[in-house]
Amino acid sequence: RPETNPPRRSCNPYKNPSSISHLEPLRPGDIIAFYKPPYGHGNSFGYAEAEILAVDPRAEEDGKDTPILTLDDYMIHLPSDHMVKRIRRRVRGGRKVENEMGKFRKIGAYVLKKEGDAEKALRKKMEEDAERGREIVERNKRILKEKLKEVGGPCDLIR
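Residues numbered from 1 in each chain as written. Predicted model: local features only at pLDDT ≥ 70, side-chain atom pairs only at ≥ 80, totals over all residues. Heavy atoms only, no water.

Chemist: Talk me through the overall build of the chain; I want residue IDs and the actual numbers.
Modeler: Per the secondary structure count, the chain includes two helices and eight strands. Reading the chain from its N terminus to its C terminus gives the helix and strand order α-β-β-β-β-β-β-β-β-α. Across the 159 residues in the chain, those meeting the buried criterion constitute 29%. When contacts within the chain are restricted to residue pairs at least 6 apart in sequence, those whose partners lie at least 24 apart make up 53%. Within the structure as shown, the chain displays about 11300 Å² of accessible surface, and the carbon and sulfur contribution to it stands at 51%. (Helix = DSSP H or I, 4+ residues; strand = E, 2+ residues; numbered from the N terminus. Buried < 20%, exposed > 50% of the residue type's maximum accessible area, 1.4 Å probe, protein only. Contact = heavy atoms within 4.5 Å. Areas by Shrake-Rupley, 256 points an atom, 1.4 Å probe, with all protein chains shown as cover.)

Chemist: Account for the pattern of salt bridges, naming residues and giving values.
Modeler: Scanning all chains against the criterion turns up nine salt bridges. In this structure, Asp129 engages Lys125 in a salt bridge whose closest nitrogen and oxygen atoms are separated by 3.6 Å. Residue Asp129 and its partner Lys125 are both found in helix α2 (residues 118-151); the two are separated by four residues, about one turn of the helix. Several salt bridges share partner residues, and in doing so they unite Glu24, Asp30, Arg86 and Arg105 into one network. (Salt bridge = Lys/Arg side-chain N within 4 Å of Asp/Glu carboxyl O.)

Chemist: I'd like a description of the pairing of strand β2 (residues 31-35), backed by residues and values.
Modeler: Of all five residues in β2, five are buried, a share of seventy percent or more. Taking every second residue as pointing to the same face, both faces of β2 are buried, with Ile31, Ala33 and Tyr35 on one and Ile32 and Phe34 on the other. Note that β2 and strand β3 (residues 47-55) share five bridges and pair antiparallel. If you follow Phe34 over to β3, its bridge partner there is Ala48. (Pairing = 2+ DSSP bridges.)

Chemist: Before we move on, could you go through the side chain of Arg86 and cite the residues and values that matter?
Modeler: Relative to the elements of secondary structure, Arg86 occurs in strand β5 (residues 83-90). Here the side chain of Arg86 touches Glu24 through a polar contact of 3.2 Å, side chain to side chain. A polar atom in the side chain of Arg86 sits 3.5 Å from the side chain of Asp30. (Polar contact = N/O pair within 3.5 Å; in protein donor to acceptor, adjacent residues only side chain to side chain.)

Chemist: Quick one: what's the story with α2, residue by residue and with numbers?
Modeler: The terminal C-alpha atoms of α2 lie 49 Å apart, and with 34 residues this matches the ideal 50 Å at 1.5 Å per residue to within 8%. Turning to α2, its buried residues number three or more, namely Ala118, Ala121, Lys125 and Leu148. Buried residues along α2 sit in contact with β3 and β4 (69-71). Positioned one or two residues after α2, Gly152 has a phi angle of 75 degrees, which is positive. (Expected span 1.5 Å × (residues − 1).)

Chemist: I'd like to hear about the pairing of β5, residue by residue, with values.
Modeler: Pairing between β2 and β5: four bridges, direction antiparallel. What sits directly across from Ala33, in β5, is Lys85. Judged from the two bridges that link them, β5 and strand β7 (residues 105-106) form a sheet pairing that is antiparallel. Paired with Met83 across the strands is Lys106, a residue of β7. Bridge count for β5 against strand β6 (residues 96-98) is three bridges, and the pairing is antiparallel. Note on β6: the bridge partner recorded for Arg88 is Glu98.

Chemist: So what about the nonpolar core? Which residues, and what values?
Modeler: If you look at the biggest cluster of nonpolar residues, it comprises 17 residues, and the most contacted ones within it are Ile32, Phe34, Leu69 and Leu71. Among the secondary structure elements, those contributing two or more residues to this core are β2, β3 and β4. If one sorts the elements of this core by residue count, β3 sits on top with four residues. Setting aside its immediate chain neighbours within four residues, Leu69 contacts Leu26, Ile32, Ile52, Ala54, Val55, Ile107 and Leu112. (Core = buried A, V, L, I, M, F, W, Y, C linked by side-chain atoms within 4.5 Å.)

What follows is the structure, encoded as structure tokens:
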């Protein structure tokens, strides 16, 4: 007797790409690609990639000053209708794997759950950036002192 039931479709969005648009989440640790708002979609100068530090789907509704997606580039605030593509996703253990089936969608079209602490993540990122800046300044001061010693310049002007 022939099989009358159609074959079952997998619920796993990575095995069934047609269902991925409704199930693909954005989580802290994922890497997204987008075009910066001033440039518009498709302009190669505006293409950027960033890591998500925190997700707050109700940020715009509550009138908060924080964006829905807190990114590692804290100067960029993307509205909920901005088009993004998840290019690497975080898996258990913190590893990141390529997301071959990612495509550009509005942020609001992804599954968004409140994850991560935006303020704590931003504070940590700003501290890391400040420390990196201090290291760069110290390295450049050391190089400048060495060059001044070579030419017999006044090294005492640099602290």
